[in-house]
Amino acid sequence: MNLVVASPTGMCFGVRRAIEQLESALSEYGSIFAIGSPIHNPQEVKRLVGMGLEVVEDISQIPEGSVAFIRAHGVSRAELEEAGRKCRVVVDGTCPYVRNVQRKAECLEEEGYRVVIVGDSNHPEVKGILGHIGPGAVVMNGESEVKPEGRRSKIGILCQTTQREETLALVASKFIINTDEVRVYNTVCGAAIERQSSIKRLAASVDGIVIIGGKNSANTRELVVISESLGVPAMWVEQAEELNRGWLRDRRTIGVAAGGSTPDWLLEEIVRKLKRL
Ligand code: F3S
């Protein structure tokens, strides 16, 4: 079996930065509370929990005077302010590219645009963006969710950083008719685009792709969707134990790719195991 590893692949700048901030804060303070999972990779979160991280669902569960960590996907403005009030230290791991989307949404709202976010309404990043603007914004997870409405004056569109540019373009095109003014910000992150492009290149030369990443990771899911849409079967695993030998045995050349929140150690471990099979 030949192995080809996608390039670039794996951990993106924003997640790497958040983990470095978290590790350095853990060594300084010992105990830190994260509001929601700090990154979408259960194995890496488990490693950080072993170092003193505690993940809570809600800011109300963080004890007064403790140290809080803001995840790479960001949180709402209210949560950020509340963390600032009750915690002695707030380590803000919000990825600067996510912060940029939050700012753009705020600007669109201030300038009177009805904000449309292309993305998954259940994803923490999208919830965080919504939490920086008023209740008039809408979230659409694809062109099929654009419903016919009456004449609109100003629509401002942006997207979750891990969306595909094609999805943003399709949604935006639906608004051209019947709207006086459409402003579109392409807020797909460069790291996500690079990883999506690398899997497209990889798909041209392999019989199947092992995609490594948390089952809760949106950008990993995009990689799986791209691979399968190109007719290349994907095996999505979080860890080495999930590798299906029968699936691998039937293929001569296997590609390997990892989502933007997959740590290097996990990618290396799975590549080592694949080489031994
Ligand atoms: Fe940031 Fe892009 Fe990663 S938005 S968290 S660098 S995928």
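Residues numbered from 1 in each chain as written. Predicted model: local features only at pLDDT ≥ 70, side-chain atom pairs only at ≥ 80, totals over all residues.

J.: For the site of the ligand, give the residues involved together with the corresponding values.
T.: Inspection of the region around the ligand gives 15 residues, with Cys 12, Gly 14, Cys 95, Tyr 97 and Cys 189 positioned closest. Secondary structure elements with two or more residues in the shell around the ligand: α1 (13-29), α4 (96-110) and α7 (190-203). With 3 residues, the single largest contributor to the shell around the ligand is α1. Classifying every residue of the shell around the ligand gives 10 nonpolar, 5 polar and no charged. (Near = placed C-beta within 6 Å. Helix = DSSP H or I, 4+ residues; strand = E, 2+ residues; numbered from the N terminus. Nonpolar A, V, L, I, M, F, W, Y, C, P; charged D, E, K, R; others polar.)

J.: Report on the sheet that holds strand β11 (residues 234-237), specifying residues and quantitative values.
T.: Pairing within the open sheet is parallel, and its 4 strands lie in the order β1-β12-β10-β11. The open sheet terminates on both sides in strands that have one partner only, identified here as β1 (2-5) and β11. Averaged over neighbouring strand pairs, the angle between their axes works out to 25 degrees when direction is ignored. Here strand β10 (residues 208-212) runs beside β11; their pairing, made up of 4 bridges, is parallel. (Pairing = 2+ DSSP bridges. Axes fitted to C-alpha atoms, helices over the stretch in contact; angles between N-to-C directions.)

J.: Got a sec to walk through the nonpolar core? Specific residues and values, please.
T.: Membership of the largest hydrophobic core comes to 53 residues, with the highest contact counts inside it found for Leu 22, Ala 68, Phe 69, Ile 70, Ile 117, Val 118 and Ile 157. The element contributing the most residues to this core is α1, with 5 residues. If near-sequence neighbours (up to four positions away) are discounted, Val 118 is found in contact with Met 140, Ile 157, Cys 159, Gln 160, Gln 163, Thr 167, Leu 168 and Val 171. By size, the runner-up hydrophobic cluster in this structure holds 20 residues, among which are Ile 199, Leu 202, Trp 236 and Leu 267. (Core = buried A, V, L, I, M, F, W, Y, C linked by C-beta atoms within 7 Å. Buried ≥ 20, exposed ≤ 12 C-beta atoms within 10 Å, placed from the backbone. Contact = placed C-beta atoms within 7 Å.)

J.: Residues and numbers for α4, please.
T.: With 15 residues, α4 ought to run about 21 Å at 1.5 Å a step, and its terminal C-alpha atoms sit 21 Å apart, in line with that. Among the residues of α4, Val 98, Val 101, Gln 102, Ala 105 and Leu 108 are the ones counted as buried. Buried positions in α4, seen along its axis, are confined to an arc of 125 degrees and lie on one side of it. Set apart from the buried face of α4 by more than 90 degrees, the exposed residues are Pro 96, Arg 103 and Glu 110. On its buried face, α4 sits against α1, β6 (114-118), α5 (124-130), β8 (152-159) and β9 (179-184). (Expected span 1.5 Å × (residues − 1). Arc of directions from axis to C-beta.)

J.: Let's hear about the packing of α7 against helix α8 (residues 218-229): which residues, and what values?
T.: Remark: α7 packs on α8, axes separated minimally by 10 Å, with the N-to-C direction vectors making an angle of 30 degrees. Of the possible angle classes, the one that applies to α7 and α8 is roughly parallel. Read as a crossing pair, α7 and α8 show a hand that is right-handed. Where α7 abuts α8, its residues Ala 192, Arg 195, Gln 196, Ile 199, Lys 200 and Ala 203 lie against Asn 219, Glu 222, Leu 223, Ile 226 and Ser 227. (Parallel < 35°, antiparallel > 145°, perpendicular 65-115°, else oblique. Left-handed = near helix turned anticlockwise from the far one by under 90°.)

J.: I'd like a description of the environment of Arg 88, backed by residues and values.
T.: Among the secondary structure elements, Arg 88 is positioned in the loop between α3 (77-86) and β5 (89-92). Classification of Arg 88 by C-beta neighbours within 10 Å gives exposed; the count is 10.

J.: Talk me through unusual backbone geometry; I want residue IDs and the actual numbers.
T.: For the peptide bond that leads from Ser 7 to Pro 8, omega is -5 degrees, which places it in the cis range. Along the chain, the position of Pro 8 falls in the loop between β1 and α1. Look at Asn 178: it is not a glycine, yet its phi comes out positive at around 80 degrees. Among the structural elements, Asn 178 can be located in the loop between α6 (165-176) and β9.

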